[in-house]
Amino acid sequence: MPEWKKTFCALCYHNCGLEIQTEGHRITKVRPDRDHPRTKGYVCRKGMKIAHYQDHKERLTHPLKREGDQFVKISWDQAISEIAEKLKQILGKHGPRALAYVGGGGQGCHMEAGFGRTLLTALGSQYHYSALGQELTGLFWINGRAYGRQNLHLMPDLDRAENFLAMGWNGYVSNAGVNRARKRINEFAKDPDKQLIVIDPLLSETARQANTHLQIRIGTAALFLKSMIAIILQEGWEDKAYISDYCQGFDRIAPWFKNFDVASALEVCGVDYDKVKEVARVYATRPTAMRTDLGLLMDRQSTMNSYLEMILMAVCGRIGTPGGNVFNGHLMPLGPHSDERDERTWRTASTGIPAIMGYFPPNVIPEEILSQKDDRLRAMIVSGANPLRSYADTSVYEEAFKELDLLVTIEIAMTETARMGHYVLPARSAFEKWDTTFFNLTFPETYFQLRHPHCDARGEPLEEGDIFTRLAEALGILPEIPESLFQAAYGDRKGFASELFEWISQDKKAARLLPFIAAKTLGKSVKSAHLAAVWGLLAMYPRHAADDLSRAGYEVTPFLGDSLFQGLLDHPEGIMIGRLEPGENLKKLRTPDKKIGLYIEEMAEWIMEIEPDAEKESINNPDFPLVLVAGRHFPYTANSIMRDPEWNEHKALCTALMNNEDTQALGIVDGQEAWVTTEASRVKIPVEVSDMAAPGTVTIPHGFGLGYMGQDYGVNINLLTKNTHRDRLAGTPFHRYVPCRVEACRE
Ligand SMILES: Nc1nc2c(c(=O)[nH]1)N[C@H]1C(S)=C(S)[C@@H](COP(=O)(O)OP(=O)(O)OC[C@H]3O[C@@H](n4cnc5c(=O)[nH]c(N)nc54)[C@H](O)[C@@H]3O)O[C@H]1N2
Ligand SMILES: Nc1nc2c(c(=O)[nH]1)N[C@H]1C(S)=C(S)[C@@H](COP(=O)(O)OP(=O)(O)OC[C@H]3O[C@@H](n4cnc5c(=O)[nH]c(N)nc54)[C@H](O)[C@@H]3O)O[C@H]1N2
Ligand code: SF4
Ligand SMILES: [Mo]
C-alpha cells in the first residue's frame, strides 16, 4: 500500500490540509486530510487537482539565460555570478531605487519572502511590490490609522456570532479568508436562530445561500455603507458605552452622518429603505461578524470602503468583541507597519505612493519603469508572481518590461513573465521543498504547519531561500560568520541557539541578515535554507507570544521555540502554537491612547464626496454604459497558478456572464461571441447568459489567457484593465468596477 503523506494546498490562502501519494516527481493520489487540526477534511475541487500544479510539461528544470530570442541552459554558478555582477553595475550607477522585488510567496509558499526582502533591504531598496498591494493595502492603511498598526488585521469571529454579514465576498466558491467557508455559510443560512446576510450586486453563489440578499447597484458600496452608519446613528442604535470606552474622535465623525440623505442614497444604490434599515438594526443590536473582500477592496472607492467598514463596526461595538470581528494571532505578521508620515518610509519615485505594510502597488510599476527620471526602476527580481497575467494592463506591462536592464524571474513554470526575462531561475515547487504559510484564519487558536518535501525535484531547482542566499553571497553582503557557529550548527540545536543569539546581539548587521546566516549555518546541517529560517522564527516566537503559548498549554522556557520546531517535524499536519483570550482582544490596540481612531484626517474631504447626487453622476458613463467585474473567482480558476488546461479537462470555461435583459437588448444569444471594450483594449469572448449577472454588469473570470505548449487558453482579463484606474491613496486597482461596452460579434 503506498503511503499517504500529509501536506497542504498551495492554490489559495485557505491552505487546506491534504494527504497525497507520490511516485518520484509526481503526485498520484490526493484526499482531504481529516486529521488536519484547522481545516478538518475541508477541500475544494482545486485542491483535488493539485497533481496538475506539481507536474506538467512546462515546469522549469535548469537556470536559463536569454540569448537573442532563445533561452540557453546555464549553470547555477554562472547564473548567480552574472546576475550579481549586473545588479552591482546597475545599483552602482543608479542607486538602490533602481531595484524592485516583486511577488514573494503567493498563496502558500511564504518562506521565500523573508529572504527576498532581506536581500532587497540589504541592497538599500524598499521597493517590494506584491499582490497584497493590489487588494489589501488600502485596508492595511486604515488599520494603521485606526488601530495603531497596519498589520493589526481583523477576522470574523464566527464561532461566537449570531449572524454573518458578507459584503463583496463570495466565499462559497472563493473560500477566501474564512476557515471552511462553505460549511460556515451553510451553518448560518440553515440555522433558524442565525442569519446570513449578503450584500452583493451580483447573485453570487454566496448570495444564493443568503437569508437576506441586498442586491445593491454595482459601484455604490461606499454610499451603501455610509447609509448604514447614518441609519444607525440617526436611530440612536450605536453602542454608546463602547464608543466612550474604546473609541476616539466620535464627535468629529458624527456630523458626517447626521444629515445624510439616506433615502436618496439608497435610491441610487437601488435597494429598499426598510430592508436596509432592518439589516442595520440586526447588525447594531446582535453579535454579527462581518466578512468583506475584493468586492469592496477592488471597487472604485476602495480605501473609502475600508474606512466606512471600520466606522460601521466600531460604532456598533463589533471590533475586538466576541461574535464581531477580532484581531487574530500569528507566528509572523504579513508585513511590517510602515507609516508614511515617517520620512524613512519610501514613496514610489514618479507616482508618489507610499509603502503600506511594506508593500507597493503593482499598478504603478509600468509608470515607474517608463519614467524618464534617473531613479526609475531598471532591475527587477520577480518570484512567485506573474505580472504579465496578474497585474492590470498587460500591454503597458509588456512595453515597460522591455525597458528593464535586468529582469530575473524565479519560477516553477515557464510563464508569460518568465518568457520576457533575462534570466529564469527554477524554484522547487510547494511539494519539493520545506515551506509554510503565514495566512491564519482561526480564532482564538493559532495553528502553524510546515510543508515537508514529499516529491522529488526534476533537474536542479532550488529553494528560493537558497537562491537568495547565493545571490547575497555573490553580492558580498554577508558578514563573516564565526567558525564556531558553523560547527555548532552540526551539534545540539540548543547550543547552536545560544551561540547564534549571543553573536547577533552584538552584531547588528548580522541580526538584520538573520535568514542568510541561518541558511549558511543550520541550513547546511538540516539541508534546507527554509527549514533553518523557520527554526529561527520559532526560536524568537516565545519572546512575544508567551501568554498565547501558555494558554495553549505550553510551558514557556527559553528553548520552547526549538520544541515547537520539533513538533512541526513530527506532525506534518501542523500544531497549535497559541490561544488568544476572546475577552481581551481589544488589548491588542496599539494607538497611543489604546483607543480606536475613528477620525482620519486624510479621509475627511473624500468622505464628503460620498453623496447621492455626486455618486450617481460618477457612475453614469455614456461611452461605457456597462460595468465589467474584471475577475470572477470560481472553481475553475486558481489565480495564474494552474497552467496545464488538463486540470479543467480542457473545457471552454472562460465566458462573459451577462444578464438576459442586456443580451436581448444587444441581440446576443447564449454562447455567441461578443466584443468587450474598455478604456484599455477590447477582447472577443463567448457570452454566457446567467442570472448571476445583474442588469448592466458583465463578469469575466481572472486566471485564463495562460499560454501552455504554444497555445493560449481563454481570455487574459488584464488586457481589459487599465493600470491608471486605481485608488487615490493606496494605488489598488478597480477590478470590480471597469466601465465597458459590449457589441455582438457579427463576423
Ligand atoms: N476558485 C478560486 N478561488 C480563489 C481564487 C481563485 O483564483 N479561484 N483566488 C483567491 C484569492 S487570491 C482571493 S484574493 C480571493 C478573493 O475572494 P473574493 O473576494 O470572495 O472573490 P470575488 O470573486 O472577487 O468575490 C467578490 C464578490 O464581490 C462582489 N462585488 C463586486 N462588486 C461589488 C460592489 O460594488 N459591491 C459589493 N458589495 N460587492 C461587489 C462580486 O459580485 C463577488 O461576489 O479568492 C481566493 N479564492
Ligand atoms: N483583473 C484581475 N486581475 C487580478 C485579479 C482579479 O480579480 N482581476 N485577482 C488578483 C489577485 S486577488 C491576486 S492574489 C493576484 C495573484 O497574482 P500573482 O501574485 O501573480 O500570483 P499567482 O497568480 O497566484 O501565481 C504566480 C506564480 O507563482 C508561481 N509559483 C507557484 N508555486 C511557486 C513556488 O513554489 N515558487 C515560485 N517561485 N513560484 C511559484 C506560479 O507558477 C505562478 O506563475 O492576481 C490578481 N489579478
Ligand atoms: S484551492 Fe481549495 S483545496 Fe486549495 S486551499 Fe483553497 S479551498 Fe483549499
Ligand atoms: Mo488575492
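The structure presented is a predicted model; accordingly, all values stated were derived computationally and were not measured. (Residues numbered from 1 in each chain as written. Chains lettered and ligands numbered in written order. Predicted model: local features only at pLDDT ≥ 70, side-chain atom pairs only at ≥ 80, totals over all residues. Heavy atoms only, no water.)

## A closer look at the overall build of the protein
To be explicit about the condition: To qualify as a helix, a DSSP run of H or I must reach at least 4 residues; to qualify as a strand, a run of E must reach at least 2; elements of each kind are numbered from the N terminus. The globule rule is 2.2 Å times the number of residues to the power 0.38, and the radius of gyration it is compared with is taken over C-alpha atoms. For every residue, the accessible area obtained with a 1.4 Å probe (protein chains only) is divided by the maximum for its type, and the residue is called buried under 20%, exposed over 50%, and partly exposed between those limits. Residue contacts are counted whenever heavy atoms from the two residues lie within 4.5 Å of one another. In short, Shrake-Rupley with a 1.4 Å probe defines the accessible areas, and a residue's cover is counted only from the protein chains shown. Charged residues are defined here as Lys and Arg on the positive side and Asp and Glu on the negative side; His and the ends of the chain fall outside this count. For the purpose of locating charges, the reference atoms are NZ of Lys, CZ of Arg, CG of Asp and CD of Glu.
In terms of regular secondary structure, the protein is built from 31 helices and 30 strands. For a compact globule of 747 residues, the expected C-alpha radius of gyration is about 27 Å, and the protein comes in at 25 Å, within 12% of that figure. Overall, the C-alpha framework of the protein stretches about 75 × 65 × 60 Å when taken along its three principal axes. Buried residues in the protein amount to 64% of all 747 residues. Counting contacts in the protein only where the partners sit at least 6 residues apart, residues at least 24 apart contribute 75% of the total. Split by element, the accessible area of the protein, about 27800 Å² in all, is 47% carbon and sulfur. Side-chain charges in the protein split into 85 positive and 97 negative, and the spacing between the mean points of these groups amounts to 2 Å.

## Section: the sheet that holds strand 1 (residues 5-8)
Where we set the bar: Strand pairing follows a simple DSSP-based rule, namely that at least 2 bridges must link the two strands. Orientation is described by lines fitted to C-alpha atoms, with helices fitted over the stretch in contact, and by angles between N-to-C directions that extend from 0 to 180 degrees.
One open sheet holds the 3 strands; their spatial order is 1-2-3, and the pairing between them is antiparallel. Two strands bound the open sheet, and with one partner strand each, they are strand 1 and strand 3 (26-32). Strand after strand, the sheet turns through a mean of 40 degrees between neighbouring axes, direction not considered.

## What about the site of ligand 2?
Rules: Near residues are defined by distance, with any heavy atom within 4 Å of the molecule or strand qualifying the residue. Nitrogen and oxygen atoms within 3.5 Å of one another constitute a polar contact, given that in protein one can donate a hydrogen and the other can accept it, and given that sequence-neighbouring residues count only through two side-chain atoms.
Near ligand 2 lie 33 residues; those nearest to it are Ser 390, Glu 411, Glu 464, Ala 630 and Ser 640. At 3.3 Å, a side-chain N or O of Ser 383 approaches a nitrogen atom of ligand 2. Between a nitrogen atom of ligand 2 and a main-chain N or O atom of Ala 630, the distance comes to 2.6 Å. The fraction of the free accessible surface of ligand 2 (910 Å²) that becomes covered by protein chains is 96%.

## Observations regarding the domain arrangement of the protein
The condition is simple: Residue ranges assigned to the domains are those given by an automatic or database domain assignment. We define buried area as the total accessible area lost by two parts upon association, computed with a 1.4 Å probe and summed across both. In what follows, salt bridge is the name for a side-chain nitrogen of Lys or Arg lying within 4 Å of a carboxyl oxygen of Asp or Glu.
Here the domain parsing of the protein yields domain 1 (5-54), domain 2 (64-125 + 378-437 + 445-579), domain 3 (153-330 + 593-609) and domain 4 (621-744). Taken residue by residue, the interface counts 9 residues in domain 1 and 12 residues in domain 3. For the pair domain 1 and domain 3, the summed buried surface comes to about 820 Å²; carbon and sulfur atoms form 45% of the total. For the domain 1 face of the interface with domain 3, the top three residues by lost area are Tyr 13, His 14 and Tyr 42, together amounting to 61%. The interface formed by domain 1 and domain 3 contains 0 salt bridges. At the junction of domain 1 with domain 3, the criterion picks out 9 residue pairs in polar contact (both at pLDDT 80 or more).

## Topic: the sheet that holds strand 23 (residues 626-632)
The pairing of strands in a sheet comes from backbone hydrogen bonds and takes either a parallel or an antiparallel form. One closed barrel accounts for 6 strands, arranged 23-27-24-26-25-30; its pairing is mixed. Between one strand axis and the next, the sheet turns by 45 degrees as a mean value, whatever way the strands run. Examined bridge by bridge, strand 25 (residues 673-677) and strand 26 (residues 682-689) share 5 bridges and lie antiparallel to one another. Bridge assignment links Thr 677 to a residue of strand 26, and that residue is Arg 682.

## Re helix 5 (residues 137-147)
Burial analysis of helix 5 places 11 of its 11 residues in the buried class, the great majority of the element. Among all positions of helix 5, only Thr 137, Gly 138, Leu 139, Phe 140, Trp 141, Ile 142, Asn 143, Gly 144, Arg 145, Ala 146 and Tyr 147 are buried. If you follow the buried residues of helix 5, they end up packed against strand 8 (154-156), helix 14 (294-297), helix 15 (302-315), strand 14 (325-327) and strand 22 (596-597). In the segment just after helix 5, Gly 148 is the residue with positive phi, at about 95 degrees.

## A closer look at the pairing of strand 19 (residues 445-448)
Neither face of strand 19 is open: one carries Glu 445 and Tyr 447, the other Thr 446 and Phe 448, and all of them are buried. Sheet topology places strand 19 next to strand 21 (residues 575-579); 4 bridges connect them, and they run antiparallel. Within strand 21, the position partnered with Phe 448 by the bridge is Ile 575.

## As for the side chain of Asp 200
For Asp 200, the location among the structural elements is in the loop between strand 10 (195-199) and helix 8 (205-209). Although Asp 200 is buried, it makes no salt bridge; Arg 736 carries the closest opposite charge, 8.5 Å away. Among the polar contacts made by the side chain of Asp 200, one reaches the main-chain amide nitrogen of Leu 202 at a distance of 2.8 Å.

## Side note on the environment of Trp 503
Note that Trp 503 resides in helix 22 (residues 493-506). With relative accessibility at 13%, the residue Trp 503 sits in the buried group. Contact partners of Trp 503, with chain neighbours within four places excluded, come to Pro 479, Glu 480, Ile 481, Pro 482, Leu 485, Ala 510 and Ile 517.

## Focus: helix 9 (residues 221-235)
Stated precisely, the cut-off is as follows: Expected helix span is given by 1.5 Å per residue-to-residue step, counting one fewer step than there are residues.
With 15 residues, helix 9 extends 21 Å from end C-alpha to end C-alpha; this agrees with the ideal 21 Å at 1.5 Å per step. Helix 9 sits mainly inside the fold: 13 of its 15 residues count as buried.

## Focus on the packing of helix 5 against helix 15
Note the cut-off: For classification purposes, an angle smaller than 35 degrees is called roughly parallel, one larger than 145 roughly antiparallel, one from 65 to 115 roughly perpendicular, and anything else oblique. Crossing handedness is defined as follows: a turn of the near helix away from the far one that is anticlockwise and smaller than a right angle gives a left-handed crossing, while the clockwise case is right-handed. In this classification, Asp, Glu, Lys and Arg are treated as charged, Ala, Val, Leu, Ile, Met, Phe, Trp, Tyr, Cys and Pro as nonpolar, and every other residue, Gly included, as polar.
Interaxial distance between helix 5 and helix 15 falls to 8 Å at its minimum, and their mutual angle equals 40 degrees. When the interaxial angle is binned, helix 5 and helix 15 end up oblique. In this structure, helix 5 meets helix 15 at a crossing whose hand is right-handed. Together, Gly 138, Leu 139, Trp 141, Ile 142, Ala 146 and Tyr 147 of helix 5 and Thr 303, Ser 306, Tyr 307, Met 310 and Met 313 of helix 15 make up the contact between the two elements. In terms of residue class, the contact of helix 5 with helix 15 is built from 8 nonpolar, 3 polar and no charged.

## Here we look at the packing of aromatic side chains
Our working definition: The criterion for an aromatic pair is that two Phe, Tyr or Trp rings (for Trp, the six-membered ring) have centres within 6.5 Å, with stacked assigned to planes under 30 degrees apart, edge-to-face to planes over 60 apart and tilted to the rest. Charge-over-ring contacts are defined here by two conditions on Lys NZ or Arg CZ: a distance within 6 Å of the ring centre and an angle within 35 degrees of the ring normal.
For the coordinates displayed, the defined rule picks out 21 aromatic pairs. Taking the centre distance of 5.7 Å and the plane angle of 35 degrees together, the rings of Trp 256 and Tyr 599 count as tilted. Of this pair, Trp 256 sits in helix 11 (residues 250-258) while Tyr 599 is found in the loop between strand 22 and helix 29 (604-609), placing the two residues 343 residues apart along the sequence. Here the two residues Trp 256 and Tyr 599 agree in accessibility, since each one is buried. The ring centre of Phe 188 lies 4.9 Å from the NZ or CZ of Lys 194, which sits over that ring. Seen from the ring of Tyr 599, Arg 252 lies directly overhead, with NZ or CZ sitting 3.9 Å from the centre.

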